[in-house]
Amino acid sequence: MRFTLLTAWRDARSQKKHLLLCAISIVFGVAALVAINSFGDNLRATTDAKALTLLGSDLRFSSRTPFSDRAESFIRDVGGEQSRQTRFSSMAYFPTTEDTRLVQVRSVAGGFPFYGEFETAPAGVLIGQTDEPIVVVDPVLLSMFGLKVGDPIKLGEVEFTIAAEIIEVPGESAFAGLFAPRVYMPAKYLEETGLIGLGTIAFHSVDIKLPDGADADSIAEDAKPMLDDERIRYNTVATKKEDLGQSLENLYRFFNLVGMIALLLGGVGVAGAVQAYLRSKLESVAVLRFLGCSVRSACVVFLWQVLGVTLVGALIGAAIGVLAQVWLPAVIGPLLPFEIESFVSWPRVLEGMLFGWLIAALFSLLPLLPLRRVSPLRALRASYQPRRQFDPLVALVWGVIAVLLVGYCSAQTETAWHGAAFAGGLFVALGVFTLTSALLRKVLSMVSGKTSNYVCRQGLANLHRPNNRTLFLIVTLGMGAFLIQTLFLIEGVLLSDTELVNDAQEPNTMFFDIQSEQLDGFSDIVEGEGMSITAGAPIVAMRLEEVNGRSVTEIKADPTQDIDNWILNREWRSTWRSEPSITEEVVAGEFVGQWNGFEEPVPISLETGMAEDLGVQVGDTLTFNIQGLSLQCKVSSLREVDWKRMRPNFFAVFPEGVLEGAPTWHIAFLRAPDADTLATLQRKVVQTYPNITAVDLSIVLDGLREIMGRVAFALRFMASFTLLTGVVVLASAVITSRYQRFRESVLLRTIGASSAQIRAIMSVEYLAVGLMAGIVGSLLAWGAAASLAIWVFETDPPLPYIETSITIVVTTALTLLTGLVNSRGISKSPPLAVLRSQEAG
């Protein structure tokens with residue numbers, strides 16, 4: 001060991017630049033893993049430390065409708081300290097500025113929160129324990145309208161005084177009031193406002209601080225049958241942590257896959273850099289063998305070098321990852337309901353560093369193991385080439401890499417087969433690039449000699465001659481293009497569903513809670529401002545009772561059913577129409593627009609996604625409870641709905657002649673020409689009908705862009721590690737071929753080629769390699785992104801015409817630019833340099 005270590009050290013001192021490439025290739029992959037894993041520990045630790053304040057109580061019951069007498073009796077029996085809250089959206093009117101704004105009204109009665117602190121400025125305003133007509137508001141309202149503490153605000157029929165602004169509420173993120181600022185009011189005045197009525201979408205909840213010794217999970221679990229029957233949800237500290245942990249875990253898993261992509265790409269780069277380095281060391285190995293050194297010792301010399309430099313790369317990557325972790329809380333923090341406690345998780349740092357080092361070492365073994373077959377004859381005869389044959393150790397290394405990759409990817413996905421498919425796709429891509437390289441060399445060997453242009457003939461011939469680097473270059477560059485474009489396409493798929501259609505033809509304002517007797521008066525106000533209702537619909541609230549004859553209670557009790565409880569518990573808001581709207585397309589069955597309401601089952605049209613979630617199709621039956629009356633329905637058609645269009649869209653649409661007698665409220669869409677006109681309209685509507693709520697859809701769009709902008713930035717921040725790794729690997733792939741290009745260019749100069757011709761020959765070669773790698777990588781990226789979109793994210797596959805063109809152009813241009821920059825000076829090297837080296841050999 002002493003001999004091999006000393007020999008490795010002495011030889012490495014003169015090979016710093018070559019070995020540096022091996023180290024740099026894995027730096028950013030290790031950095032990504034370290035940053036992500038350490039940040040994941042930060043999230044888990046913070047969630048555990050602030051578990052109680054996430055909920056603010058021991059137990060919470062919530063319902064979309066007021067609690068029934070049965071539920072109220074149960075809640076009283078639970079005991080403990082209790083606090084009530086009713087949440088709904090409404091319009092607020094500010095008499096000082098005569099402005100209006102959609103707000104989230106939260107009426108509170110009791111001492112909530114029981115854990116954590118409801119922070120206000122000025123401090124100490126206990127909104128749930130006061131009898132005064134005061135409110136606590138989101139600070140955005142004060143800054144938006146130039147208001148201050150002490151100014152009036154009118155909610156419905158009651159005028160309140162702003163007593164304080166919100167600083168922090170336990171369990172709520174900084175974005176909680178992004179779409180509609182929060183306004184907390186005493187529950188005593190809720191009925192007086194007149195804002196709760198038919199059509200109001202309100203959420204009712206009870207927070208309970210249990211007596212000592214009482215177990216929230218046991219109480220909720222024992223009452224689960226009754227809660228399910230009453231359609232009441234419950235939350236405990238454990239369920240809150242689980243819900244939050246699951247949503248964060250999905251983001252964490254995606255980030256981990258991003259880091260794995262960067263690390264694998266770096267592994268490919270390490271393999272290429274080591275292969276190029278060892279190619280220049282074949283004579284050294286042969287000399288060692290010739291002098292009596294064993295095969296094992298000769299190989300171990302270079303194994304020490306590779307392990308040493310990859311360890312250095314892993315250490316540098318770990319240091320960068322620790323620094324990068326500092327940025328993640330700043331980006332994602334506002335999306336979370338608590339402030340992240342940032343710290344360096346040293347076990348995770350060590351884990352990421354060692355895993356990255358292991359991957360790099362395994363990829364390094366692929367070119368290192370063939371050194372065992374270097375014969376001492378090479379020291380005497382440079383032209384000697386050993387016969388290629390199957391190497392079981394190389395196959396074993398590939399097997400270990402495959403097992404690690406499948407295991408790691410499966411652990412980072414919610415479904416194991418998703419991870420296995422992800423890993424399998426990477427190996428398929430690797431195989432495709434290898435076959436592409438072989439096919440390209442075969443085709444070029446047949447056609448390059450037929451090209452009349454000397455420069456093109458020589459450049460293309462370089463790609464199929466003996467000892468060419470075509471396979472390595474295409475695999476390395478193609479995998480880089482494939483992985484990076486796949487990452488950005490998936491980001492686009494994830495963010496595409498949040499984009500709403502927003503053009504000059506679409507409505508930009510929605511009004512709801514319009515009572516039937518208010519519809520004509522509302523229309524007059526709209527027309528008086530020079531506008532018209534673009535789209536509208538009557539709405540009837542109902543609940544699902546049966547699916548194909550099975551009651552909701554029976555379905556919930558069946559452990560084999562896979563229908564989400566939110567579908568079974570939700571309040572359906574449905575409408576009636578004589579024909580499909582412009583945002584709907586019937587894809588199965590027949591849409592029935594007229595029906596006699598006394599004949600059952602009533603034919604209805606169901607949205608395809610909801611039908612899939614319920615497990616029903618055309619011909620199946622559903623029974624709805626409408627204000628205490630059961631109505632049996634039959635699915636007569638299925639509709640594809642464009643939810644991105646700002647129109648009244650529904651899961652279930654009834655024919656005319658059925659629901660007209662049920663309690664109904666209306667929704668209306670219109671397009672306001674400008675903000676001032678919209679503000680005037682909202683003010684007049686609120687002053688005349690305080691219960692009608694307006695939603696400025698441009699504010700919704702802005703809010704979505706703000707949230708998704710942060711998510712996109714976080715995704716791109718992590719993707720930058722892969723991009724940087726791709727650039728390093730690209731440079732490494734080109735740099736490692738410099739020695740071969742040097743020899744070829746000098747020989748060409750010897751036979752009379754000019755410097756311009758040599759540069760042109762190299763340009764043709766790099767253009768061909770970059771173009772082929774870019775085309776195949778882009779096509780594979782599209783296939784991978786489409787597969788993930790369809791089978792994992794269940795959305796439409798991307799059509800990346802622009803992205804594909806950009807990837808091909810950028811890959812080709814970077815390959816050409818890097819190749820020419822790295823090859824500078826080669827075309828001017830004196831021929832004697834190579835001739836003398838050949839003579840010496």
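Residues numbered from 1 in each chain as written. Predicted model: local features only at pLDDT ≥ 70, side-chain atom pairs only at ≥ 80, totals over all residues. Heavy atoms only, no water.

Whenever I open this one, the overall build of the protein chain confuses me. Can you help?
Each helix and strand counted, the protein chain has 27 helices and 21 strands in total. Of the contacts made within the protein chain by residues no fewer than 6 positions apart, 83% connect residues no fewer than 24 positions apart. For the protein chain, the exposed surface amounts to about 37,600 Å²; the carbon and sulfur share of it is 58%. (Helix = DSSP H or I, 4+ residues; strand = E, 2+ residues; numbered from the N terminus. Contact = heavy atoms within 4.5 Å. Areas by Shrake-Rupley, 256 points an atom, 1.4 Å probe, with all protein chains shown as cover.)

Honestly, a nonpolar patch on the surface in this entry has me stumped. Any pointers?
A cluster of nonpolar side chains, W782, L799, Y801, I802, I806, V810 and L814, forms an exposed patch at the surface whose accessible area comes to about 740 Å². The greatest single-element share of the nonpolar patch, amounting to five residues, is contributed by helix α26 (residues 801-822). (Patch = residues over 30% accessible without salt bridge, like charges linked within 9 Å, V, L, I, M, F, W, Y side chains within 5 Å. Salt bridge = Lys/Arg side-chain N within 4 Å of Asp/Glu carboxyl O.)

Just to check I follow, could you spell out unusual backbone geometry for this structure?
For residues other than glycine, phi is negative in most cases, and the peptide bonds are mostly trans. A cis amide bond, omega 0°, links F112 with the succeeding residue P113. Its location among the elements puts P113 in the loop between β3 (99-109) and β4 (119-121). Cis geometry is adopted by the peptide bond preceding P601, which originates at E600 and carries an omega value of 5°. You can see P601 is positioned in the loop between β15 (584-589) and β16 (602-607). A positive phi is found at D513, a non-glycine position, where the angle reads about 65°. Mapping D513 onto the fold places it in strand β11 (residues 509-515). For D513, a relative accessible area of 2% gives the class buried. (Buried < 20%, exposed > 50% of the residue type's maximum accessible area, 1.4 Å probe, protein only.)

How should the nonpolar core be read in this particular structure?
Within soluble globular proteins, side chains that are nonpolar tend to cluster in buried spots. With 83 residues, the main nonpolar core has F302, F363, F433, M479 and F482 as its most contacted residues. If we skip the residues at most four places from it in the chain, F363 touches L264, G267, V268, A271 and I401. Residues F522, V526, Y689 and A694 belong to the second largest nonpolar core, which totals 34 residues. (Core = buried A, V, L, I, M, F, W, Y, C linked by side-chain atoms within 4.5 Å.)

Teacher, can you tell me more about the pairing of β3 here?
On a regular strand, each side chain points to the face opposite its neighbour's, so the side chains alternate between the two faces of the sheet. Of all eleven residues in β3, nine are buried; the element is thus mostly enclosed. Strand direction decides the pairing type here: strand β2 (residues 81-94) and β3, joined by eleven bridges, are antiparallel. Paired with Q85 across the two strands is V108, which belongs to β3. Where β3 lies against strand β8 (residues 182-186), five bridges are found, and the strand directions are parallel. In the sheet register, V105 faces β8, and the bridge partner there is V183. (Pairing = 2+ DSSP bridges.)

Mind showing me how you'd approach a negative patch on the surface here?
A contiguous patch of negative charge, built from D215, D217, E221 and D222, is present on the exposed surface. Mapped onto the elements of the fold, D217 is located in helix α7 (residues 216-222). For D217, a relative accessible area of 34% corresponds to the partly exposed category. (Lys, Arg positive; Asp, Glu negative; His and termini not counted. Charge placed at Lys NZ, Arg CZ, Asp CG, Glu CD.)

Explain the environment of L697 to me, please; I cannot follow it from the model alone.
Locating L697 in the fold gives a position in helix α23 (residues 697-735). Sequence spacing of L697 and M646 is 51 residues, and the spatial spacing of their C-alpha atoms is 8.4 Å. Beyond its immediate sequence surroundings of up to four residues, L697 is in contact with P507, N508, T509, M510, M646 and F669.

Any chance you could explain helix α4 (residues 69-78) here in plain terms?
One turn of an α-helix holds 3.6 residues; hence residues three or four places apart share an orientation. Listed in full, the buried residues belonging to α4 are A71, E72, I75 and V78. Viewed along the axis of α4, the buried residues span an arc of 115°, placing them on a single side of the element. Residues of α4 that are exposed and point over 90 degrees away from its buried face: D69, R76 and D77. Where the residues of α4 are buried, they touch β1 (59-63), β2, β9 (202-209) and α7. Two residues or fewer after α4 comes G79, characterised by a positive phi angle close to 75°. (Arc of directions from axis to C-beta.)

Is there a simple way to think about the packing of helix α18 (residues 519-528) against helix α22 (residues 675-688) in this case?
When two helices pack together, their arrangement is given by the angle between the helix axes and by the axis-to-axis distance. Where α18 contacts α22, the two axes come as close as 10 Å, and the packing angle between them is 155°. Our classification of the angle between α18 and α22 gives roughly antiparallel. For the pair α18 and α22, the crossing hand works out as right-handed. Contacts from F522, I525 and V526 of α18 reach α22 at L681, K684, V685 and T688. Taken together, the residues of the contact of α18 with α22 break down into five nonpolar, one polar and one charged. (Axes fitted to C-alpha atoms, helices over the stretch in contact; angles between N-to-C directions. Parallel < 35°, antiparallel > 145°, perpendicular 65-115°, else oblique. Left-handed = near helix turned anticlockwise from the far one by under 90°. Nonpolar A, V, L, I, M, F, W, Y, C, P; charged D, E, K, R; others polar.)

Mind showing me how you'd approach the side chain of T811 here?
Of note, T811 is situated in helix α26. Judged by relative accessible area, which is 12%, T811 ranks as buried. Separated by 2.7 Å, the side chain of T811 and the backbone oxygen of T807 make a polar contact. If sequence neighbours within four positions are ignored, T811 has contacts with A481, G770 and G774. (Polar contact = N/O pair within 3.5 Å; in protein donor to acceptor, adjacent residues only side chain to side chain.)

I'm lost on the environment of N625 in this one. Help?
Position of N625 relative to the elements: it lies in strand β17 (residues 621-626). Not counting residues up to four positions away in its chain, the partners in contact with N625 are M542, R543, E545 and S630. Side-chain polar atoms of N625 contact the side chain of E545, separated by 2.7 Å.

Looking at this structure, how should I read the pairing of β16?
Where burial is concerned, most of β16 is hidden: six out of the six residues are buried. In β16, alternate side chains face the same way, and those of V602, I604 and L606 on one face and P603, S605 and E607 on the other are all buried. As paired strands, β16 and strand β18 (residues 629-641) are joined by six bridges and run parallel to one another. Within the sheet, the bridge partner assigned to L606 lies in β18 and is L638. Note that β16 and strand β19 (residues 652-654) share two bridges and pair antiparallel. Within β19, the position partnered with S605 by the bridge is V653.

Quick question: what am I supposed to make of the pattern of salt bridges here?
One side chain can pair with another of opposite charge once the charged atoms of both are near each other. Tallied over the entire structure, the rule returns 15 salt bridges. The shortest N-O distance in the salt bridge between R550 and D558 comes to 3.0 Å. The class of R550 is partly exposed, set by a relative accessible area of 29%. E584 serves as the salt-bridge partner of R577, at 2.8 Å between the closest nitrogen and oxygen. Each member of the pair, R577 as well as E584, is classed as buried. Here the salt bridges share partners, and the residues they tie into one network are D41, R348 and E351.

Which parts of the structure should I look at to understand the packing of aromatic side chains?
Following the criterion strictly, the structure yields ten aromatic pairs and no others. Arranged with centres 5.7 Å apart and planes meeting at 85°, the rings of F160 and Y189 form a pair that is edge-to-face. Residue F160 is located in strand β7 (residues 158-168), and its partner Y189 is located in the loop between β8 and α6 (190-193); the two are separated by 29 residues in the primary sequence. Each member of the pair, F160 as well as Y189, is classed as buried. Taken together through their ring pairs, the aromatic side chains of W572, F624, W643, F651 and F654 make up a single cluster. (Phe/Tyr/Trp six-rings, centres within 6.5 Å; stacked < 30°, edge-to-face > 60°.)

Quick question: what am I supposed to make of the environment of A164 here?
Mapped onto the secondary structure, A164 falls in strand β7. Overall, the relative accessible area of 0% leaves A164 in the buried class. Sequence separation of A164 and I127 is 37 residues, and the distance between their C-alpha atoms is 9.7 Å. Once residues lying within four places of it in the same chain are set aside, the contact partners of A164 are T120, A121, P122, V125, V135, V136, V137 and V149.

Looking at this model, I keep getting lost on the confidence of the model for the protein chain. Mind explaining?
Low pLDDT means the predicted atomic positions in that stretch should not be read closely. In the predicted model, the protein chain carries a mean pLDDT of 81, and 80% of its residues have values of at least 70. When pLDDT is averaged over each helix and strand of the protein chain, the minimum, 49, is found for helix α27 (residues 831-840) and the maximum, 97, for β19. Every residue in residues 837-841 scores below 50 in pLDDT, and together they form one contact with partners more than four places removed in sequence or on other chains. (pLDDT = per-residue confidence, 0-100.)

Which parts of the structure should I look at to understand the packing of helix α13 (residues 346-368) against helix α14 (residues 392-411)?
The interhelical angle for the contact between α13 and α14, taken along N-to-C directions, is 150°, at an axis separation of 9 Å. What the angle tells us is that α13 and α14 run roughly antiparallel. In the crossing of α13 with α14, the sense of the turn from one axis to the other is left-handed. Contact residues: F355, L358, I359, L362, F363, L365 and L366 in α13; V394, V397, W398, V400, I401, L404 and Y408 in α14. Across the contact of α13 with α14, the residue classes break down as 14 nonpolar, no polar and no charged.

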